[in-house]
Amino acid sequence: MKSLLKSSPASGAAADEPEAARGGSTVVLGAALLGFFLISLDALIVTVALPDIGRSLGGGMSGLQWMVDGYTLIFAALMLSAGALSDRIGARQAYGGGLVLFALASAACGLAPHLGVLVAARLVQGAAAAVMMPASLALVRQGFPDQAKRAQAIAIWAVGGAVAVAAGPVLGGALTATVGWRWIFFVNLPAGLLALTLLARVPASPRLPARLDVVGQVTAVIAMGTLTYGVIEGGDKGFGRPLVVASLLVAAAAAIAFLTAQAKGAHPMLPLPLFRSRVVAVSLVVGFMLNAAYYGGVFIFSLYLQQERGLSALHAGLMFIPMTALVAVVNLASAKLAAHFGPRVPMVAGQLVGTAGLLALLGVDAHTNVWAVAALMVPVGLGGALTVPALTAMLLDAVPADRAGTASAVLNTGRQVGGAIAVAVFGALLSGANTFLAGMRWSMLLAAAGLVLTAGATFTLPRNGRRDEEA
């Protein structure tokens, strides 16, 4: 993808850029934005529909967890290699193939006759999303060779993902309550068709030399898959069961094999020297915990509002609006705070705000006013919105320019893994506790403790976030 930035026939585009070129750039951005919106939306749109899907297809708590994690897990596991694949076959070609696969998997989700088919289709959705994610950003870079215009386009692209994450629970609740849960998947089809129509007008992308780390990719999928399986099934059936124990042992062995491959491989997908930087290591852990708190919280409270409080899917979705409505505004505030005080200040502040929200949610019981619950969830969303822009800026400042793409991919992978592991662990706590409320409180307490630890680690970083090895 780096060569897309270095050479393009339109590299001199500026104020006198031809109208056709400007129109072509708009088409590229529209196609990339639609796909990024869809893959971000599908990470959370399913959460509010979980009780209805469970009543329709069965499966219990472990089935509900797999409907969320089947998508997020494969998305995270394949994301690092997907960038190299996009370079090898061309961004436009990779993006188009991913879009087609995503649409077909969405149709299979909507038509699923039983839970096994739905989970399998969600896995395919996640694989398609992993291919689309880096390819969509590469398309934006290809379509906007001018640096200033490219920065504006990437900002718009990023806002599309943020809006999708905010809209996911609300749209999922509205569709489930009005036309049924299957439409949370069918809605992807017209949007995907529109994205493919726009993509047809985009020139083919160059194919770039890129090596795939096959051993690293296979061991990463095995490690993450068996760990998630062990946690989900252990919470549901007991951690002493032979299959659960075996799964966790395989996860440990695969993780060791993965790290060995990354340390000794000629072309590792996760360069371990990156983690010599304390800023990079802390940033990855912070990103993990932020998504664990946010995705895990949405999962828990989607179930709480419907199963414990009896709200419809629509009303449950509406309860998430206060938490998500101010995300874009707070993102901008975070950027301004980081510019004035350095990225460490909004990062620490955001994690502490999120912690305060999680601790406040410990007081929620079966009789708490549901609008009060909605208000108490607000700090969890705002804490993440305050932290992530500054976190991303600090990470990119901490690595050499030629490692920026890899570092960004590592951060996004870590965040997705955080969401997947949180759903697995929180679901296990719900299954293992005497009551739903007890499991919910243990989950919030665990997330709060994690954020306190990462806030403390963040506070030890350099104030300006520069590379600590250069200090």
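Residues numbered from 1 in each chain as written. Predicted model: local features only at pLDDT ≥ 70, side-chain atom pairs only at ≥ 80, totals over all residues. Heavy atoms only, no water.

**Re the confidence of the model for the protein chain**
- On average, residues of the protein chain carry a pLDDT of 83, and 91% of them reach 70 or more.
- For residues 1-23, every residue scores under 50 in pLDDT, and the model assigns this stretch 23 contacts once sequence neighbours within four places are set aside. (pLDDT = per-residue confidence, 0-100. Contact = heavy atoms within 4.5 Å.)

**Side note on the pattern of salt bridges**
- Per the counting criterion, the structure on display carries two salt bridges.
- Among the salt bridges present, the one from Arg122 reaches Asp42, with a minimum N-O distance of 3.8 Å. Highlighted residues: Arg122 in helix α6 (residues 115-143) and Asp42 in helix α2 (residues 19-44), separated in sequence by 80 residues.
- The class for Asp42 is buried, based on a relative accessible area of 0%.
- Here Arg55 ties to Asp52 by a salt bridge, and the two come within 3.0 Å at their closest N and O atoms. Taken as a pair, Arg55 and Asp52 lie in helix α3 (residues 50-57) at a separation of three residues, close to a single helical turn.
- Exposure remark for Asp52: the relative accessible area of 24% places this residue in the partly exposed category. (Salt bridge = Lys/Arg side-chain N within 4 Å of Asp/Glu carboxyl O. Helix = DSSP H or I, 4+ residues; strand = E, 2+ residues; numbered from the N terminus. Buried < 20%, exposed > 50% of the residue type's maximum accessible area, 1.4 Å probe, protein only.)

**Quick notes on the nonpolar core**
- Residues Ile39, Ile53, Leu118, Phe299, Phe301, Tyr304 and Met440 are the most contacted members of the largest nonpolar core, which totals 126 residues.
- Residue contributions to this core peak at 17 residues, all from helix α12 (residues 278-308).
- Leave out the neighbours within four places in its chain, and Phe299 touches Leu50, Met61, Leu64, Gln65, Val68, Val423, Gly427 and Leu430. (Core = buried A, V, L, I, M, F, W, Y, C linked by side-chain atoms within 4.5 Å.)

**Let's talk about the packing of helix α10 (residues 214-237) against helix α11 (residues 242-264)**
- Relative orientation of the contacting elements α10 and α11 amounts to 155°, with a least axis distance of 7 Å. By the angle between their directions, the pair α10 and α11 is classed as roughly antiparallel. Seen from above, α10 lies across α11 with left-handed handedness.
- Taken together, the residues of the contact of α10 with α11 sort by class into 17 nonpolar, seven polar and one charged. (Axes fitted to C-alpha atoms, helices over the stretch in contact; angles between N-to-C directions. Parallel < 35°, antiparallel > 145°, perpendicular 65-115°, else oblique. Left-handed = near helix turned anticlockwise from the far one by under 90°. Nonpolar A, V, L, I, M, F, W, Y, C, P; charged D, E, K, R; others polar.)

**Observations concerning the packing of aromatic side chains**
- Under the definition given, this model contains six aromatic pairs.
- Note on Trp181 and Phe185: the rings are 6.4 Å apart at their centroids and 90° apart in plane angle, and the pair reads as edge-to-face. Taken individually, Trp181 and Phe185 each receive the classification buried, so the pair is uniform in this respect.
- A centroid spacing of 6.1 Å and a plane angle of 65° characterise the contact between Tyr294 and Tyr295, whose relative ring orientation is edge-to-face.
- The exposure class of Tyr294 is buried, given its relative accessible area of 12%.
- For the cation-ring pair, Arg344 lies above Phe459, with the distance from its terminal atom to the ring centre recorded as 5.1 Å. (Phe/Tyr/Trp six-rings, centres within 6.5 Å; stacked < 30°, edge-to-face > 60°. Lys NZ or Arg CZ within 6 Å of the ring centre and 35° of its normal.)

**Some points on helix α16 (residues 344-360)**
- Taking 1.5 Å per residue, 17 residues should reach 24 Å; α16 reaches 24 Å between its end C-alpha atoms and fits that length.
- Where α16 is concerned, the buried positions are Arg344, Pro346, Met347, Val348, Gly350, Gln351, Gly354, Thr355, Gly357 and Leu358. (Expected span 1.5 Å × (residues − 1).)

**Re a nonpolar patch on the surface**
- On the surface, a nonpolar cluster with roughly 390 Å² of combined accessible area is contributed by Leu212, Val214, Val218, Ile222 and Val250.
- The element contributing the most residues to the nonpolar patch is α10, with three residues.
- With respect to the helices and strands, Val218 occurs in helix α10. (Patch = residues over 30% accessible without salt bridge, like charges linked within 9 Å, V, L, I, M, F, W, Y side chains within 5 Å. Areas by Shrake-Rupley, 256 points an atom, 1.4 Å probe, with all protein chains shown as cover.)

**What about the side chain of Thr458?**
- Tracing the backbone shows Thr458 in helix α19 (residues 436-459).
- A relative accessible area of 0% means that Thr458 is categorised as buried.
- Within the structure, the side chain of Thr458 is placed 3.1 Å from the side chain of Gln351, a separation counted as a polar contact.
- Those residues in contact with Thr458, other than ones at most four positions away along the chain, are Val282, Val286, Arg344, Met347, Val348 and Gln351. (Polar contact = N/O pair within 3.5 Å; in protein donor to acceptor, adjacent residues only side chain to side chain.)

**Re the packing of α3 against helix α4 (residues 60-89)**
- At a minimum axis distance of 10 Å, the contact between α3 and α4 shows a crossing angle of 120°. Relative to α4, the element α3 is oriented oblique. α3 and α4 meet at a crossing whose hand is right-handed. Contacts between α3 and α4 involve Leu50, Ile53 and Gly54 from the first element and Leu64, Met67 and Val68 from the second.
- Residue composition of the contact of α3 with α4, grouped by class: five nonpolar, one polar and no charged.

**Notes on the environment of Phe275**
- One can find Phe275 in the loop between α11 and α12.
- Classification of Phe275 by relative accessible area gives partly exposed; the value is 26%.
- Separated by 163 residues in the primary sequence, Phe275 and Ala438 place their C-alpha atoms 37 Å from one another.
- What Phe275 contacts, discounting residues up to four positions off in sequence, is Leu270, Val280, Ala281, Leu284 and Val410.

**Side note on the side chain of Thr72**
- Along the chain, Thr72 falls in helix α4.
- Dropping the residues within four chain positions of it, Thr72 is found in contact with Gln416 and Ala420.

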